[in-house]
Amino acid sequence: MILPLTATYRLQLHAGFTFADAIEHLDHYAALGVSHLYLSPIQTAQAGSNHGYDWVPPPEVSPVLGGIEGLRALRAAAAARDIGLIVDIVPNHTGVEDPRQNPWWWDVLRLGSSSEYFSYFDIDWSKDNGAEGKIALPVLGSADDLEALEIDTSGTEAELAFYEHRFPLAPGTYDPANPAPATTVHREQAYRLVPWNVGVIGYRRFFSVNGLAGLRQEDPAVYAATHTLVRQLVAEDLTDGIRIDHPDGLADPVGYLENLRADIGPDRLLLIEKILSRSEPLDPSLPVDGTTGYEALRAVGAVLVDPEGEGPMGDLHQRYSGDRGDNLWLEATERHLKLSILDETFPAERARLRRTLAATAHGADVPANEDLDAAIGAVVAGLGVYRSDYPVLSGTLESLLDTERKRLPALSSSFDLIGTAVTSDAESRARLAQVCGAVTAKSVEDCLFYRTARLVSLQEVGGSPGVFADSLDDFHHFNADRATAWPRALTSLSTHDTKRSEDVRARIGFLSQIPERWSELVDRSQARNPAPAGVTGLFLRQNLFGVWPVDGVVDAQLRTRIHDYATKAIREGGVGTTWTDVDETFESAVHAWLDQIFDGPCADDLTELVHHTRRHLESDAVVQKALALLGPGIPDVYQGTEWFDDSLVDPDNRRPVDYAQSVDHPKVAVVRTALHLRRRRPEVFVTGDYHAISATGPAAAHVVAFGRGEPGADASVIVAGCRWTARLDESAWEQTTLELPAGTWRELLTGTDFTGSVATARLGTSVAILERAEE
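Computed from a predicted model, the values in this text were never measured in an experiment.

Cut-off values and rules
Residues numbered from 1 in each chain as written. Predicted model: local features only at pLDDT ≥ 70, side-chain atom pairs only at ≥ 80, totals over all residues. Heavy atoms only, no water. Helix = DSSP H or I, 4+ residues; strand = E, 2+ residues; numbered from the N terminus. Buried < 20%, exposed > 50% of the residue type's maximum accessible area, 1.4 Å probe, protein only. Contact = heavy atoms within 4.5 Å. Pairing = 2+ DSSP bridges. Axes fitted to C-alpha atoms, helices over the stretch in contact; angles between N-to-C directions. Expected span 1.5 Å × (residues − 1). Arc of directions from axis to C-beta. Parallel < 35°, antiparallel > 145°, perpendicular 65-115°, else oblique. Nonpolar A, V, L, I, M, F, W, Y, C, P; charged D, E, K, R; others polar. Salt bridge = Lys/Arg side-chain N within 4 Å of Asp/Glu carboxyl O. Left-handed = near helix turned anticlockwise from the far one by under 90°. Phe/Tyr/Trp six-rings, centres within 6.5 Å; stacked < 30°, edge-to-face > 60°. Right-handed = clockwise from strand over helix to strand, strands pointing away.

Novice: Looking at this structure, how should I read the environment of leucine 630?
Specialist: Mapped onto the elements, leucine 630 comes out in helix α24 (residues 614-630). A relative accessible area of 0% places leucine 630 in the buried class. Residues in contact with leucine 630, not counting those within four places in the same chain, are Ala674, Leu677, Arg678, Phe685, Phe706, Arg708, Val719 and Ile769.

Encoded structure:
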């Protein structure tokens, strides 16, 4: 039986938190009011994985988590509390970091085109693939490392060894009685070990992660083989829905989702991890219930940012980095980064796309490689979305090609070839889309968002940091559309992929309310302890404010977490150091600078600011949570975020949850109140209407309010939150009112009843959840 869906609780499963551990905490989840547990991938993953997205075949429930019996036990125990299960699956790729753990990949490496899994992986077998038609595996440090190859005969079968790496040997290529040199044996294999930095790789990856190899779900045989577990879960009624990881990486996401919908039936939830640009709609033709909610995360956060902070925060950014960090600069920098990352990180993917495009010319004149590469770069850099081949985006690519022909007339024939090939050839269309998505993710989310710092809370997955704040009209328009088009999409504030938790973002967003005070702190800190680079200092200082403890005590654990985060942040941003070209001098300077902050007078400044603004910081965090929980869509509570959470980017946000924390907590109170209300009133929140509500009076702009009601009926629930509290005048607040519709309204957090016109001051300065009493 599929249980009614009203709210989810996201769990990160791994060896340290299994199905059995989830069962132990079911009473806590039930007390919160969640209707479903939303599980990270449950299939067997590479040994030691703490996330599960590197799953390995054959598809089966991970024994580390408890196996299929453990899942059945969790399903039964959860159902006894009226809680269902949603499962995360990964169709785009599989883990190949250690080939021995992936029998399909091992078989392809061993047998090449003779393997029964030959067509399962998206491998470049072209003779001009840079590895003479073999599978290029970028594991060597340099070409000289071939001399370090050995034959390992310690197991049941001989293997090619490169330090800790092991690879299979094709039958008949090694004779233990007359052993040939390892380099000779290597030349006989279906694969070729190559240096990691020569721009050659033999298979499509998940973005730029060499340890995750792309699968060809467009092949019915591959789909059938990789979805046996999904069909079992449905047949045994072990799941109420499926979440799809990164469908944009697939050759044909629309066709894939249609196949999956047919397999799971019309009633189970189907959600996709789709990153939408600010103005990009989710395609209404997709057979899905919506996305996992990054667009809602952006909207909820942006309405709480104070637009009056844009000018001063831009001035501060200009002073320390040489630019204002505004939309114009961001767009130009994004374009530049896409071009450089296409050159540096994805040359193999570009070359494969170029060959695919050229093949559609069928002997006609083909532009020179350098011209076609330049045209591909212009398209990738200018597209503005992950991929443009969804029906709702019809015309997007054509319009861009027209623009680029006018801007770069010398490349017209190359743009013509791209347009013709993408229109007529499915592989060209898929390759372009896959390259665009990978380049966008690596250049924007994993680079640009780490090298600018006007307001770091906006630099999130699916974020639009060039737009400093959203108006109330923007917020209401977004929610009204969502209530109509995607009422069962998830609304997330924190996920396993967010750059920082919801509460850290709320804290940083608060700086928009006190830009002058923040600028003074930054200037004083810079004078005492100059940062190694201007933008690096701005970026890390905002994150420090986001996680700084109220009591000012930076213990060893927090210090280590911040240092680890800083290493990742500066390497991702590529300012001063990178993952592939580590500058130890720069990195040491950054870490020494952080230590001086922890141990010097700058720490006192941060502590004082956090202490004096604590009420505002907690207010923003609670209001943000309430808006997300009760707005259109299905709220998803990431593990532990029912309490205040100071997590940064993964793996920091996968730390164990302390379930022993007190439930007498302002955020827990909002979560429990909102989620139990949703369970009582699904007709209001799951299928109901959205009503924009405005306050009246001198502080009306400080009120974010909306109503929810049954379809076609007036609001029966009202949510009202206060924003920009740092510059809220108490007198103006007392003179501002909210007009309640007829009837008696009970504020559920306090139990107070209200009728008619109510002064917002009586509702408090944080959030009110009002339900119309039954007449």
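Novice: Looking at this model, I keep getting lost on the sheet that holds strand β8 (residues 165-168). Mind explaining?
Specialist: Strands belonging to one sheet form pairs held by backbone hydrogen bonds; the direction of such a pair is parallel or antiparallel. The strand order across the open sheet built from 3 strands is β6-β7-β8, with neighbouring strands paired in antiparallel fashion. The sheet terminates laterally at β6 (150-152) and β8, the two strands that pair on one side only. Within this sheet the neighbouring strands show an average axis-to-axis angle of 40°, counted without direction. Relative to strand β7 (residues 159-162), β6 runs antiparallel, the two being bridged by 3 bridges. If you follow isoleucine 151 over to β7, its bridge partner there is leucine 160. Here helix α4 (residues 103-111) sits on the sheet and contacts β7 and β8; the angle it forms with β8, its principal contact strand, is near 65°.

Novice: How do you make sense of helix α19 (residues 515-528) when you look at a structure like this?
Specialist: The α-helix winds at 3.6 residues per turn, so residues separated by three or four positions along the chain end up facing the same way. When the terminal C-alpha atoms of α19 are compared, their 20 Å separation across 14 residues agrees well with the 20 Å that a helix rising 1.5 Å per residue should span. Listing the buried residues of α19 in full gives Pro515, Trp518, Ser519, Leu521, Val522, Ser525 and Gln526. Summarising the axial view, the buried residues of α19 lie within an arc of 160°, below the 170-degree limit, and thus occupy one face.

Novice: How should I be thinking about the packing of helix α14 (residues 396-407) against helix α15 (residues 412-424) in this particular structure?
Specialist: Each packed pair of helices is defined by two parameters, the angle between the axes and the distance between the axes. At a minimum axis distance of 9 Å, the contact between α14 and α15 shows a crossing angle of 170°. Considering their axes alone, α14 and α15 lie roughly antiparallel with respect to each other. Of α15, the residues touching α14 (which contributes Leu397, Leu401, Glu404 and Arg405) are Ser412, Phe415, Asp416, Ile418, Gly419 and Val422. Classifying every residue of the contact of α14 with α15 gives 5 nonpolar, 2 polar and 3 charged.

Novice: Help me understand the sheet that holds strand β11 (residues 209-214) in this model?
Specialist: The sheet built from 3 strands is open, its strands ordered β4-β11-β10 with antiparallel pairing. Pairing within the sheet leaves two strands with one partner each, and these edge strands are β4 (93-95) and β10 (205-206). Sheet topology note: the β4/β11 ladder contains 3 bridges and is antiparallel. Bridge pairing in β11 links histidine 93 to glycine 214.

Novice: Explain the pattern of salt bridges to me, please; I cannot follow it from the model alone.
Specialist: Pairs can form between side chains of opposite charge once their charged atoms are near each other. Evaluated as defined, the whole model comprises 65 salt bridges. One salt bridge in this structure joins glutamate 502 and lysine 625, with 2.9 Å as the shortest N-O distance. Residue glutamate 502 is found in helix α18 (residues 502-510), and its partner lysine 625 is found in helix α24; the two are separated by 123 residues along the sequence. Comparing glutamate 502 with lysine 625, the two get one shared label, buried. For arginine 559, the salt bridge goes to aspartate 599, with nearest N and O atoms at 2.7 Å. You can see arginine 559 sitting in helix α21 (residues 556-573) and its partner aspartate 599 sitting in helix α22 (residues 584-599), a full 40 residues away along the chain. A relative accessible area of 22% places arginine 559 in the partly exposed class. Relative accessible area serves as the criterion here: at 55%, aspartate 599 is assigned to the exposed category.

Novice: Hey, could you run me through the packing of helix α13 (residues 369-382) against α15 in this one?
Specialist: The geometry of α13 relative to α15 is characterised by a closest axis approach of 9 Å and an angle of 65° between their N-to-C directions. When the axes of α13 and α15 are compared, the crossing they make is right-handed. Counting all contacts with α13, which are made through Asp371, Leu372, Ala375, Ile376, Ala378 and Val379, the residues of α15 involved are Ser414, Phe415, Leu417 and Ile418. Of the residues in the contact of α13 with α15, the class split is 8 nonpolar, 1 polar and 1 charged.

Novice: I tried to follow the packing of aromatic side chains on my own but got confused; where do I start?
Specialist: Two aromatic rings are characterised by how far apart their centres lie and by the angle between their planes. Per the stated rule, a full pass over the model turns up 21 aromatic pairs. Each ring, one from tryptophan 104 and one from tyrosine 117, has its centre 5.4 Å from the other, and the planes form 20°; the classification is stacked. Here tryptophan 104, found in helix α4, pairs with tyrosine 117, found in the loop between α4 and β5 (135-140); they are 13 residues apart in sequence, far enough to count as distant. The class of tyrosine 117 is buried, set by a relative accessible area of 16%. Between tryptophan 548 and phenylalanine 598 the ring centres are 6.3 Å apart and the planes differ by 25°, which places this aromatic pair in the stacked class.

Novice: Would you take a moment to explain the pairing of strand β2 (residues 36-39) for this structure?
Specialist: The two faces of a sheet get side chains in turn, since along a regular strand they alternate between them. Alternating positions in β2 separate into two faces, His36 and Tyr38 on one and Leu37 and Leu39 on the other, with burial throughout. As judged from the 4 bridges shared by strand β1 (residues 8-11) and β2, these two strands associate in the parallel manner. Paired with leucine 11 across the strands is leucine 39, a residue of β2. Alignment of β2 against strand β3 (residues 84-89), held across 4 bridges, turns out to be parallel. By the bridge assignment for β3, leucine 37 is matched with leucine 85. Assessed by its sense of winding, the connection that carries the chain from β2 through helix α3 (residues 67-79) to β3 is right-handed.

Novice: I keep staring at the pairing of strand β9 (residues 191-195) and nothing clicks. Help me out?
Specialist: Of all 5 residues that make up β9, 5 are buried, and the element is covered over most of its length. Bridge count for β5 against β9 is 5 bridges, and the pairing is parallel. Following the sheet pairing, proline 138 is matched in β9 by valine 194.

Novice: Looking at this model, I keep getting lost on the environment of aspartate 371. Mind explaining?
Specialist: With respect to the helices and strands, aspartate 371 occurs in helix α13. Expressed as a C-alpha distance, the spacing of aspartate 371 and leucine 411, which sit 40 residues apart in the sequence, is 6.3 Å. Ignoring anything within four residues of it in the chain, the contact list for aspartate 371 reads Leu411 and Ser414.

From the geometry alone we can't say anything about function, so treat these as descriptive.
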